[in-house]
Amino acid sequence: KTGEVLDVTGIALKDGKVIIPETILTPEKEVHQFPRLGSLVRTESVTTTTGKLPIFNNSTDLLTAHTEYGQTTKNATPVITPILWDLKTYTGGYVFSQELISDSSYDWQAELQSRLIELRDNTDDSLIITALTDGIKKTTSTYLLGDLKKVLNVTLKPQDSAAASIVMSQSAYNLFDMATDAMGRPLLQPNVTAATGYTLLGKTVVIVDDKLFPSASAGDVNIVVAPLKKAVINFKLTEITGQFQDTYDIWYKQLGIFLRQNVVQASKDLIVNLTGKLKAVTVVQSTAV
């Protein structure tokens, strides 16, 4: 019914009391501890709810020898694989009272707008890690380093291997960070040019929370190897972040976000999911003769 509001809950004076009454220092914010995955996968802007992205597959077909005035042999029809999208709607919002705004000098609207972006990034992280693991058989490895090399050298074709990144849980990162090669050098190498800060076997390492992987617990070792921009595509139509003002008999505002997108697993065969242990590497000491 017009004007009827049921169960209005939001941020009230009691929630903001730590920054309302007296002179205070500028509030500080916790920094998100892990790289965001949204910038690491491919994003495609679309204009319709559903659609397809056609991909021409590689061909192994050959030319045939030709004789003068002879018939030309027709080659096989190119294989085209469609990647389908079907947009879904995601929304979120924060309600805050006029009393909170009136009694506080803090810019609550700007603060909550940044929180909406945090909600979006959290959602993207969850959808992307699901796309990187859904339907992918997890391989249990007794020699993670060797199996990682095999994935990069054999499982993935050269161009895909060159573009691959290694997404690993924090516990998996800890295993590799403590390991050294036969010369005593750390397996993980700092890389100031990489957004995530580290490389392994020449590939960018992306460290995520242990529990971000579906059904994972703290301490679980999970690793995904894939050319991320080819393996996962985020088809995105629109993102609206706005303010909604309620009627003046209630006196509150709502900040909301409206998102239309579909994160799709585009190339299942390019994603490898590993778990297991890292064998200790013996450091070889050189002996002077």
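Up top you'll find the structure we're talking about.
Read on for an overview of the structure. (Residues numbered from 1 in each chain as written. Predicted model: local features only at pLDDT ≥ 70, side-chain atom pairs only at ≥ 80, totals over all residues. Heavy atoms only, no water.)

Looking now at the pairing of strand 10 (residues 223-226). Residue alternation in strand 10 divides its side chains into two sets, Ile223 and Val225 and Val224 and Ala226, and both sets are buried. Inspection of the sheet shows strand 6 (residues 165-169) paired to strand 10 by four bridges, in the antiparallel sense. The partner of Met168 across the bridge, within strand 10, is Ile223. With three bridges connecting them, strand 10 and strand 13 (residues 272-276) associate as antiparallel partners. The partner of Ile223 across the bridge, within strand 13, is Leu274. (Buried < 20%, exposed > 50% of the residue type's maximum accessible area, 1.4 Å probe, protein only. Helix = DSSP H or I, 4+ residues; strand = E, 2+ residues; numbered from the N terminus. Pairing = 2+ DSSP bridges.)

Inspection of the secondary structure puts Leu116 in helix 2 (residues 108-131). Linking Leu116 and Thr241, residues 125 residues apart in sequence, is a C-alpha distance of 7.8 Å. Contacts of Leu116, omitting those with residues within four sequence positions, involve Gly92, Gly93, Tyr94, Thr241, Leu255, Gly256 and Ile257. (Contact = heavy atoms within 4.5 Å.)

Counting through the fold element by element, Lys52 comes out in strand 2 (residues 50-56). A relative accessible area of 56% means that Lys52 is categorised as exposed. Sequence separation between Lys52 and Pro82 is 30 residues; the distance between their C-alpha atoms is 5.7 Å. Dropping the residues within four chain positions of it, Lys52 is found in contact with Pro82, Ile83, Leu84 and Trp85.

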